[in-house]
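Descriptive analysis of the structure
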Amino acid sequence: MGTTASQLRKDLLSEYQWRLMHVFFRAHKRFSELLSKEDRNLPTPRVPMEKVLSLPELKSNPFRKRICHVFSTSDMKDGSLTFEDFLDLLSAFSDSATLEIKSHYAFRIFDFDDDGTLDGGDLEKLVNCLTGETDDTRLTTEEMRQLISNILEESDIDKDGTVNLSEFQHVISRSPDFVRSVQI
Amino acid sequence: MLDELCISIVISSEIRRTGCLIVVFVKCWWNPLCLMEFSELQRQSSTIAHGYHGAQQSVRLRSKSVVSNQNGPQFNWGSPPSEGGEEGDSGPPKDLRERPMPMHLKRAIREVQQMRVPVVTNWQSWKRSKAKSLSRFRADAGGVMSYVALWRKALHKIGGHFGGGVQSYFMFLRFLVVLNFLSFLLIAGFILIPSIVFRSTSTTNMTVDSTGPEVCRVYDPNLQGLVVFYQYFLDLLSGTGFMEYSYVFYGYYNNTVAESSGFHYNLPLAYLLTSVFYFAFCLICIIARMGSALRVAVATGSGAAGSYSKMVFTGWDYGCQGDRATKLKQKSIHYQLQVDLEEERLQKKALSLTLGQTVGLCSLRIFLMLVSLALIGGAFFGIFNATVFSQAQVGAEGILGLFWVYLPSIVITTGNFVVPFMCDQIALFERYSPSTTIIMALFRSVFLRMISLGVLLFTLWSQITCFKGSKECEPCQYNNKDYPCWETRVGQEMYKLALFDFLITIAMLILVEFPRRLFVDHYSCALTRWVGRQEFLVPPNVLGLVYGQTVVWTGALFCPLLPLINTLKFFIIFYCKKVTLFSNCRPAVKTFRSTTSTIFFLVVLLFGWCLALVAMIYSLAQIHPSMSCGPFRSLTMMWSIVPNTFYTLSLTTQDFMFYMGSQAFSIPLFIFSCVVLCYVAALAAVYGKSVDLLKAQLKLEGRDKQFLVKQIEELSREMGVPTRDQVDTFDTGAAN
């Protein structure tokens, strides 16, 4: 292989790795708190979506269900998370994840119908999540129409009526606050 | 990072079978706590190991790690970043981390990468490993710095509850605290400590006797022996009495030139150069901080374009915790969207105004602008008169004396409250769009604050240098009858301004904000509902900070301890503002963009710096220093210490310095910097053009895609093949 073990020695025993381990332990502790007693002895424990949604960081987030669905690798599409999925979630929302990762996951979270693009229906659901689901916090139909047409006019570069991933990332790259705001 | 750990845990669970693991960890991390957690984790990690599909490649890893383990306390963490990969890089391992894939995919790819044996020379691998360790060191340093950063948790909490705009105010406050503290260290190191040392060991010093008429050298700072106890308190507030002849003010420092066995310290020169360097240091800090924010702002282009998509796609702050914060955030986003949509509708309507209506609106705006200018002019007139009157009342005793002494500060603060309030009421009639209204209000307030301070300084200086040309300035070229030590007097004025500003802030908190909250919460009538809870308005608070900092800069030459006093003042204000924010305020519904607002705050701070610079240059170069006190008492101008010292240097040094200042050196330097500027501007233009080209290319490709899809549909219709939904497949392919 490339370098020798002697070069690795000092690097590995550094404080940096200690902190990494510390973060990892904390994550695992949080995850195992969510597991029920009988699940802990399974080979790949899965936490059901309701338990994940009880985490304080996700409890009041309007996108919590979408977050679970995006990071879940379960075949039944029920939003349950294994420990690896949980780590994926934490690392995507950490402060060391890059803009590319965050924007990719944000796009998938906003894509409510999972068709790979953000069309008018996705945008409407997104705006409703942002403003609140109750009737008095929604925008009026006229305002919603105006808003969606403005958004598509600004960000739909190839004029196909939907916002795809590259167009989304183009909008994100112009916003310097994005990386800081997508952090739990 | 975390995926590396996953791999390491997997490997560790494999090695567990050899039983070496616990030994290794004990040797590595002499920390029993860590060990306990880890042994608990081993049970869990075995479950992960079983879940991991033991691909062929893992065998290779296992054997490799066992081998390295037997060499001692070395642990193969699977794929250490310093391992050579393909060429060019901090390349593949970092890239892999940045790709948004689930963990099992990343693991598989990493194994494939590790199977490749790189062919690099020794030099390249050394370079690569050095680069890797440097970047790791930088990451560590960044991590440590963020740990010890002042008030990190408090700022995070504020940002989560009240948003980025309010958080940027507190970050600006923190920046000012650190700046003032570093300035104080600078001043203490070069002026204060040498002064203390020279005063206490006055054996080898040489105090140059001041020249000039006898009458000018009289300075009696009125040191009384036993005074009434409350006199101390009054002296503390106004900087007179025991405070006047102390290290706080300029008059206490002597113009000692210490010489002892090779050690030579020229205190006046040090005083001057430290003050000049203090200004330069502050400028560098401000520009450095502005640079990073500007770089981002320039790269992302103007904020106006694409604001709806930006607001919708990037508007949500995932750090919001709790139902209350979430609802507030949702409400603010709702309000922001409504306001922007309404502004767009208004703009469309405004474009459709008739000529007569446009003329009427313009004339109304001009009239209101004149009214606000008249208000500001009235405030200036009031400050001028108050300063003149206050200076004439020197010598009055007791509380009334204190009131006269504080009169300019009172008038300035009153003006700073009343005039912006009236300007806001005027702005309601001007019917600008909401964003323009905010900017106009801010600029008016900035104008008012900075220029009111300027008027105060101007009146002071006109009094000191007998602007009206009276006979009092004859003997000493300054008004030594009223101002035997004028620098101390100016320092006292600045000290009083700073202190009064602080007292007013605290008083507002205690007497206005807390009662308002109590009143609103416990009584509900129409009045309380109209008044409502306090809203934390960021712009006026920031202007208060900028004003305080400008006062400090103006006064630092005459009151060397003012940066220290200001550090303490801002430190206390941070906690007070935090308390009032959480107890009394509801969040502002109109949010402030944090990066552009940081730039705006720093630009306003630069205005203040320029004003202070003008004041300092005028004091250094125009006014005759007092002959009775201070380090410059024997000179005709404060600046003349520099040429005097310059001519005592050796001839070669003098010639070298003359050459640096001559045209033969400065013109080529100027031309060179112009060339560099042109290069950078050309580079920026090229990048902008390539961005436009790529955007056009993206458009073309989208159209190509649509064209191809249509063709496929037509073909399949012609050939009779049942048309599938091709569009989805194409799109998901593009998205991934």
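The rules behind the values
- Residues numbered from 1 in each chain as written.
- Chains lettered and ligands numbered in written order.
- Predicted model: local features only at pLDDT ≥ 70, side-chain atom pairs only at ≥ 80, totals over all residues.
- Heavy atoms only, no water.
- Helix = DSSP H or I, 4+ residues; strand = E, 2+ residues; numbered from the N terminus.
- Contact = heavy atoms within 4.5 Å.
- Buried < 20%, exposed > 50% of the residue type's maximum accessible area, 1.4 Å probe, protein only.
- Pairing = 2+ DSSP bridges.
- Salt bridge = Lys/Arg side-chain N within 4 Å of Asp/Glu carboxyl O.
- Core = buried A, V, L, I, M, F, W, Y, C linked by side-chain atoms within 4.5 Å.
- Axes fitted to C-alpha atoms, helices over the stretch in contact; angles between N-to-C directions.
- Parallel < 35°, antiparallel > 145°, perpendicular 65-115°, else oblique.
- Nonpolar A, V, L, I, M, F, W, Y, C, P; charged D, E, K, R; others polar.
- pLDDT = per-residue confidence, 0-100.
- UniProt positions renumbered as here; feature names shortened; annotations may be inferred.
- Patch = residues over 30% accessible without salt bridge, like charges linked within 9 Å, V, L, I, M, F, W, Y side chains within 5 Å.
- Areas by Shrake-Rupley, 256 points an atom, 1.4 Å probe, with all protein chains shown as cover.
- Phe/Tyr/Trp six-rings, centres within 6.5 Å; stacked < 30°, edge-to-face > 60°.
- Lys NZ or Arg CZ within 6 Å of the ring centre and 35° of its normal.

Attention now goes to the overall build of chain B. Check the secondary structure of chain B and you find 26 helices and 4 strands. Long-range pairs, those at least 24 residues apart, make up 77% of the contacts in chain B between residues at least 6 apart in sequence.

So, on to helix α12 (residues 307-314) of chain B. Structural remark: α-helix, 3.6 residues per turn; residues separated by three or four positions point the same way. With 7 of 8 residues buried, α12(B) lies mostly within the body of the structure. Every buried residue belonging to α12(B) is among Y308(B), S309(B), K310(B), M311(B), V312(B), F313(B) and T314(B), and all of these are buried. On its buried face, α12(B) is in contact with α7 (99-110), α8 (120-131), α9 (141-155), α10 (165-173) and α11 (178-181) of chain A together with α13 (323-351) of chain B.

For the rest of this paragraph, the subject is the pairing of strand β2 (residues 263-266) of chain B. Taken together, the 4 bridges between strand β1 (residues 257-260) of chain B and β2(B) define a ladder with antiparallel strand orientation. Bridge pairing in β2(B) places V257(B) opposite N266(B).

Structurally, S80(A) is set in the loop between α5 (64-71) and α6 (83-92). Contacts of S80(A), omitting those with residues within four sequence positions, involve R46(A), V47(A), P48(A), M49(A), S72(A), T73(A), S74(A) and D85(A).

Mapped onto the fold, A612(B) is located in helix α22 (residues 594-621). A sequence separation of 63 residues divides A612(B) from Q549(B), and the C-alpha atoms of the two residues are 9.7 Å apart.

Enumeration according to the criterion identifies 6 salt bridges over all chains in this entry. A salt bridge links E57(A) to R30(A); its shortest N-O distance comes to 3.2 Å. Taken together, the residues span a long stretch of sequence, with E57(A) in helix α4 (residues 56-59) and R30(A) in helix α2 (residues 15-34) at a distance of 27 residues. Judged by relative accessible area, E57(A) falls into the buried class, the value being 18%. Here E493(B) makes a salt bridge to K496(B), at a shortest N to O gap of 3.1 Å. With a gap of 3 residues between them, E493(B) and K496(B) both fall in helix α18 (residues 486-522), about one helical turn apart.

Below, the discussion takes up the nonpolar core. Within the largest apolar cluster, 106 residues are counted, with the highest numbers of intra-cluster contacts made by F170(B), F172(B), W486(B), W553(B) and L605(B). Considering every element that reaches this core, the biggest residue donor is helix α9 (residues 164-200) of chain B, with 15 residues. Judged by nonpolar contacts, the second largest core, of 60 residues, contains M21(A), F63(A), L152(A) and V182(A).

Right, let's talk about the packing of α9(A) against α13(B) for a bit. Where α9(A) meets α13(B), the closest approach of the two axes is 11 Å, and the angle between their N-to-C directions is 80 degrees. By the angle between their directions, the pair α9(A) and α13(B) is classed as roughly perpendicular. Counting all contacts with α9(A), which are made through E143(A), Q146(A), L147(A) and N150(A), the residues of α13(B) involved are L337(B), Q338(B), L341(B), E344(B) and R345(B). Classifying every residue of the contact of α9(A) with α13(B) gives 3 nonpolar, 3 polar and 3 charged.

What follows is about the confidence of the model for chain A. All names here are of chain A. Overall, the predicted model of chain A reaches an average pLDDT of 80, with 89% of residues at or above 70. Across chain A, element-level confidence peaks in α8 with a mean pLDDT of 90 and bottoms out in helix α1 (residues 5-12) with 45. Taken together, the stretch residues 1-9 has pLDDT below 50 and engages in 17 contacts with residues farther than four places along the chain or on a different chain.

Residues and elements named next belong to chain B. Along the chain, F607 turns up in helix α22. On the basis of relative accessible area, F607 is assigned to the partly exposed category, the value being 41%. The spacing of F607 and T550 is 57 residues in sequence and 8.8 Å in space, taken between C-alpha atoms.

The next subject is the UniProt feature "domain: EF-hand" (unreviewed entry) in chain A. Residue and element names in this part refer to chain A. According to UniProt, the "domain: EF-hand" (unreviewed entry) feature falls on residues 98-133 and 143-178. End-to-end, the C-alpha atoms of residues 98-133 are 31 Å apart, and along that stretch the chain is 67% helix and 0% strand. Helix makes up 64% of residues 143-178 and strand 0%, with an end-to-end C-alpha separation of 25 Å.

As a further point, take the environment of L509(B). Residue and element names in this part refer to chain B. Turning to its location among the elements, L509 is positioned in helix α18. We classify L509 as buried; its relative accessible area is 6%. Considered as a pair, L509 and K577 are 68 residues apart in the sequence and their alpha carbons are 8.3 Å apart. If near-sequence neighbours (up to four positions away) are discounted, L509 is found in contact with F514, P515, C576 and T580.

Residues and elements named next belong to chain B. Among the surface-exposed residues, L150, V178, F181, L182, L185, F571, I572 and Y575 lie close enough to one another that they form a single nonpolar patch of about 650 Å² accessible area. Within the residue set of the nonpolar patch, elements represented by two or more residues are α9 and α21 (562-584). Its location among the elements puts F571 in helix α21.

Below, the discussion takes up the packing of aromatic side chains. Taken as a whole and judged by the stated rule, the model has 41 aromatic pairs over all chains. Between F170(B) and F536(B), the ring centres sit 5.9 Å apart and the planes meet at 20 degrees, which makes this aromatic pair stacked. Within this pair, whereas F170(B) is found in helix α9, its partner F536(B) is found in the loop between β3 (534-535) and α20 (538-555), the two being separated by 366 residues in sequence. On the basis of relative accessible area, F536(B) is assigned to the buried category, the value being 3%. Linked through ring pairs, F63(A), F71(A), F93(A), Y105(A), F107(A), F110(A), F168(A), F313(B), W316(B) and Y318(B) together constitute an aromatic cluster. R66(A) extends its terminal NZ or CZ atom over the ring of F112(A), reaching a point 5.8 Å from the ring centre. When the ring centre of Y547(B) is taken as origin, the NZ or CZ atom of R449(B), which lies over that ring, is 5.0 Å away.

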